[in-house]
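Architecture and fold: a report
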Amino acid sequence: MAEFFSTYGSLIVSMVLGALLGLSLYLPLMAGQLSLASPGFYALGGYIAAILSTKVFTSNSNLFPIHLLLLEMLIAGLVSGLLGIVIGIPALRLRGIYLAIATIAFVEVLRVFSLNLEITGGAVGIFAIPQPFQTQIEYLWIALPLLLISMVLFYRLERVRVGRAFTAIREDELAAGAMGINPTYYKVLAFTLGAILAGIVGAISAHFLNTWNARQGTFDASIIYLTFVLIGGSRSFLGSVVGGMVFTALPEVLRSLADTGGFPVWLAQFLRDGRLIIFGLLIVIGTIFFPQGLITPDSFKRGKRGNSH
């Protein structure tokens, strides 16, 4: 068992973090907003943790104190949330593809800033971010409770007034407005909550990856997170969790498949490096054959009906 965790510990933690990133993108989608801003807030949270842990919270002990990591997560969440409000109020007047383009532009602006600022380490980034744990699998002590708490909160959110308001806006914004729901307020709320979650995950990931640079928040990352939600299921939070885990593991599975041998050189190379092409194809195929994703609210109803019979 110890050998299994030492081999696959990094992948298991990455899958949990992927599920959390899927949820951060699912929140705006709950209110019908195709926002691709999550990688920007994720990168911002990572930079906050990297800068604080290397320049402010200097510690003499071998391991970085856990309480300081939790403080970094809190600061990253607050800063991302405040920026989410500032960006969200003007950006969420846009809809559909226009909002997607605006949020991609936001991600690119942050990336260019991080490439040119001295405090972020420029193109090289920030290295030697201190470790709070001795092994990578121990990051589950932080990541797994965060995922479980998030899932419980999402489960409740889908059943309370705020969640119903999100759904009403997603289904028909004009009708929701006529019923007395303030679409702008709820859209900004969903966008901000997604930003907070992405920022917190970024803070954990900076320590987990040990290095942080502008490659963490790119348009490529937006497409990958979008795959998590669209293929996993955009109508249930469980779809984002499953999609995040499966599609975080998929590149590693393809890579190990390519390394087994027996494939032509070009195919092995494609399996190793062509993940964005594969994800793009999956989005196209998935939206045609599974418009609501693999996991939908109806699949649970069918399961309950089957059990009652």
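Conventions adopted
Within every chain, residues take consecutive numbers counted from 1 along the sequence as written. A pLDDT threshold of at least 70 governs which residues receive local features in this predicted model, and a stricter bar of 80 or more applies before side-chain atom pairs are shown or counted, although totals over entire chains, interfaces and linings include all residues. Think of the side-chain values as coming from all heavy atoms in the structure, minus any hydrogens and water. Buried Ala, Val, Leu, Ile, Met, Phe, Trp, Tyr and Cys residues that are joined via side-chain atoms within 4.5 Å together make up what is termed a nonpolar core. Accessible area is worked out with a 1.4 Å probe on protein chains only. A residue is then buried under 20% of its type maximum, exposed over 50%, and partly exposed in between. Secondary structure elements are taken from DSSP: a helix is a run of H or I of four residues or more, a strand is a run of E of two residues or more, and numbering for both begins at the N terminus. Contacts are residue-level and defined by heavy atoms, with any inter-residue pair within 4.5 Å sufficient. Pairs of N or O atoms within 3.5 Å make up the polar contacts considered here, provided that, within protein, one atom can donate a hydrogen while the other can accept it, and that residues adjacent in sequence are counted only when both atoms are side-chain atoms. Take a side-chain nitrogen of Lys or Arg and a carboxyl oxygen of Asp or Glu: if they are within 4 Å of each other, that pair is a salt bridge. Here the aromatic set is Phe, Tyr and Trp, taking the six-membered ring for Trp, and pairing holds for ring centres within 6.5 Å; pairs whose planes are under 30 degrees apart are stacked, those over 60 apart are edge-to-face, and all others are tilted. pLDDT is a per-residue confidence score from the predictor, ranging from 0 to 100. Angles run from 0 to 180 degrees between N-to-C directions of axes, and those axes are lines fitted to C-alpha atoms, restricted for helices to the stretch in contact. Each angle is binned into one of four classes, with values under 35 degrees roughly parallel, values over 145 roughly antiparallel, values of 65 to 115 roughly perpendicular, and all other values oblique. Should the near helix be turned counterclockwise from the far one by less than a right angle, the crossing is left-handed, whereas a clockwise turn marks it as right-handed. Classes in brief: Ala, Val, Leu, Ile, Met, Phe, Trp, Tyr, Cys and Pro nonpolar; Asp, Glu, Lys and Arg charged; the others, Gly included, polar.

1. Side note on the nonpolar core
In terms of nonpolar packing, the biggest core is built from 84 residues, with Leu17, Met73 and Tyr225 touching the most fellow members. Take this core: its biggest share by element is 13 residues, from helix H8 (residues 183-209). Residue contacts for Tyr225: discarding those within four places in its chain leaves Leu21, Leu25, Ser38, Pro39, Tyr42 and Gln216.

2. Section: the environment of Thr54
Examined against the element boundaries, Thr54 turns out to sit in helix H2 (residues 38-56). Relative accessible area serves as the criterion here: at 26%, Thr54 is assigned to the partly exposed category. When the C-alpha positions of Thr54 and Val13 are compared, they lie 23 Å apart, and in sequence the two are 41 residues distant. If near-sequence neighbours (up to four positions away) are discounted, Thr54 is found in contact with Ile126, Phe127, Ala128, Ile129 and Pro130. A distance of 2.6 Å separates a polar atom in the side chain of Thr54 from the backbone oxygen of Ala50.

3. Description of the pattern of salt bridges
Per the counting criterion, the structure on display carries 7 salt bridges. In this structure, Glu173 engages Arg95 in a salt bridge whose closest nitrogen and oxygen atoms are separated by 3.3 Å. With Glu173 in helix H7 (residues 173-178) and Arg95 in the loop between helix H3 (66-91) and helix H4 (96-116), this residue pair connects regions lying 78 residues apart in the sequence. Glu173 gets classed as buried once you look at its relative accessible area, which sits at 17%. Here Arg95 falls in the partly exposed class, since its relative accessible area comes to 48%. We note a salt bridge from Arg111 to Glu108, for which the minimum N-O separation is 3.0 Å. Here Glu108 and Arg111 lie together in helix H4, a separation of 3 residues that amounts to about one turn.

4. Quick notes on the packing of aromatic side chains
The geometry of an aromatic ring pair is captured by the separation of the ring centres together with the interplanar angle, meaning the angle of the planes. Within the structure shown, the criterion is met by 12 aromatic pairs. Measuring from centroid to centroid gives 6.3 Å for Tyr42 and Tyr225, while their planes differ by 90°, and the two rings are edge-to-face. In this pair, Tyr42 sits in helix H2 while Tyr225 sits in helix H9 (residues 219-232), placing the two residues 183 residues apart along the sequence. For the pair Phe166 and Tyr186, a centre-to-centre distance of 6.1 Å together with 80° between the ring planes defines the contact as edge-to-face. Within this pair, whereas Phe166 is found in helix H6 (residues 161-171), its partner Tyr186 is found in helix H8, the two being separated by 20 residues in sequence. Under the relative-accessibility criterion, Tyr186 is labelled buried at 9%.

5. Concerning the confidence of the model for the protein
The pLDDT averaged across the protein works out to 88; a share of 96% of its residues lies at or above 70. At the low end of the mean pLDDT range in the protein sits helix H13 (residues 297-308), at 58; at the high end sits helix H5 (residues 140-157), at 95.

6. Details of the packing of helix H10 (residues 237-259) against helix H11 (residues 265-273)
One way to put it is that H10 packs onto H11 with a least axis distance of 7 Å and a crossing angle of 155°. With respect to their mutual orientation, H10 and H11 come out roughly antiparallel. Handedness of the H10/H11 crossing: left-handed. Each of Leu254, Arg255, Leu257, Ala258 and Asp259 in H10 lies in contact with H11, whose residues at this interface are Ala268, Leu271 and Arg272. The residue makeup of the contact of H10 with H11, split by class, is 5 nonpolar, no polar and 3 charged.

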